[in-house]
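# An overview of the molecular structure
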Amino acid sequence: SGQGQKLKKQLEAVDDYIIQGNYEYAQELLVRILRKDKGVHQAHYKLAVVYKQQEKPQKALEEAVKAVQLKPEEPNYNALLGSIWLILEDEEKGMKYIDNALLIDSMLPEALLFRGDYYTKKGEFEAALTDYKLLEKAVANEPQTLYRIAFCYKQLFQYRKAAKYYEKSLVLNPLDVSG
């Protein structure tokens, strides 16, 4: 239908705005979409992403909750909601939704990254390493993932492994010389 095509094009435009970092335009368009139809789960999800990028976690939370309510089986929505709860320092709810996302899709990159980062912050480097290694399988040759793996090995005093991963990271991203 014409409406369906229009919505699809609007959501694609939102993606472009988000990629460009033009969050105001993305937000404006999403609010217009939701004024017409509050049931567009993708719009709630993308608006949550925009608010999260703008460091408005409370607003991001409201939109992510709506997205999950409208489509609870969507792993990305669960992962985003979990990450927002972690920003708001509700670890129990955060991990519940991230684990939910990983039950739906055990190799979901965002969920593995969020959980790995959570474990790293808690100083649980072996648990973080498990998630980062899965993330490496899901998304190969990502310098930041390799860097995170190296960091965990370094914290676990496994210096040879750490050096190997730092090297891999630098080969892929020579400008990244911190570490």
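Okay, so let's go over this structure. Position numbers for residues count from 1 along each chain, tracking the sequence in the order it is written. This being a predicted model, a pLDDT of at least 70 is required before a residue's local features are given, and a value of 80 or more before pairs of side-chain atoms are given or counted; all residues contribute to the totals for chains, interfaces and linings. Side-chain calculation: all heavy atoms of the structure are included, whereas hydrogens and water are not.

### Quick notes on the overall build of the chain
Think of it this way: any DSSP run of H or I at least four residues long counts as a helix, any run of E at least two long counts as a strand, and we number them from the N terminus. Counting its regular elements, the chain contains ten helices and zero strands. Helices and strands in the chain line up, N terminus first, as α-α-α-α-α-α-α-α-α-α. Summarising its shape, the C-alpha atoms of the chain cover approximately 60 × 35 × 25 Å along the three principal directions. The buried label goes to any residue with under 20% of its type's maximum accessible area, the exposed label to any with over 50%, and the partly exposed label to all in between, with areas taken from a 1.4 Å probe on protein chains only. For the chain, the proportion of its 179 residues judged to be buried stands at 41%.

### Some points on the packing of helix α5 (residues 75–87) against helix α6 (residues 91–104)
Note on definitions: angles span 0 to 180 degrees between N-to-C directions of axes, and those axes are lines fitted to C-alpha atoms, for helices only across the stretch in contact. Interhelical geometry of α5 versus α6 gives an angle of 160 degrees and a closest axis separation of 7 Å. Relative to α6, the element α5 is oriented roughly antiparallel. Crossing handedness for the pair α5 and α6: left-handed. Of the residues in α6, those in contact with Pro-75, Asn-78, Ala-79, Leu-81, Gly-82, Ser-83, Trp-85 and Leu-86 of α5 are Glu-91, Lys-93, Gly-94, Met-95, Tyr-97, Ile-98, Asn-100, Ala-101 and Ile-104. In terms of residue class, the contact of α5 with α6 is made up of ten nonpolar, five polar and two charged. Here the word oblique covers every angle except those under 35 degrees (roughly parallel), over 145 (roughly antiparallel) and from 65 to 115 (roughly perpendicular). Left-handed describes a crossing whose near helix is turned anticlockwise from the far helix by less than a right angle; the clockwise case is right-handed. Here a residue-residue contact requires only that any non-hydrogen atoms of the pair lie within 4.5 Å. Residue type decides the class: Asp, Glu, Lys and Arg count as charged, Ala, Val, Leu, Ile, Met, Phe, Trp, Tyr, Cys and Pro as nonpolar, and the leftover types, Gly among them, as polar.

### A look at the packing of aromatic side chains
Any two of the Phe, Tyr and Trp rings considered here, Trp counted by its six-membered ring, make a pair once their centres fall within 6.5 Å; the pair's planes then place it as stacked at under 30 degrees, edge-to-face at over 60, or tilted in between. All chains considered together, the criterion is met by seven aromatic pairs. Aromatic side chains Tyr-118 and Tyr-119 sit 5.7 Å apart centroid to centroid with 55 degrees between the ring planes, which places their arrangement in the tilted category. Each of the two residues, Tyr-118 as well as Tyr-119, counts as buried. Summarising the aromatic geometry, the rings of Phe-125 and Phe-151 are spaced 6.0 Å apart at their centres and angled 70 degrees between planes, so their arrangement reads as edge-to-face. With a gap of 26 residues between them, Phe-125 in helix α8 (residues 125–138) and Phe-151 in helix α9 (residues 143–155) connect regions that are remote in the sequence.

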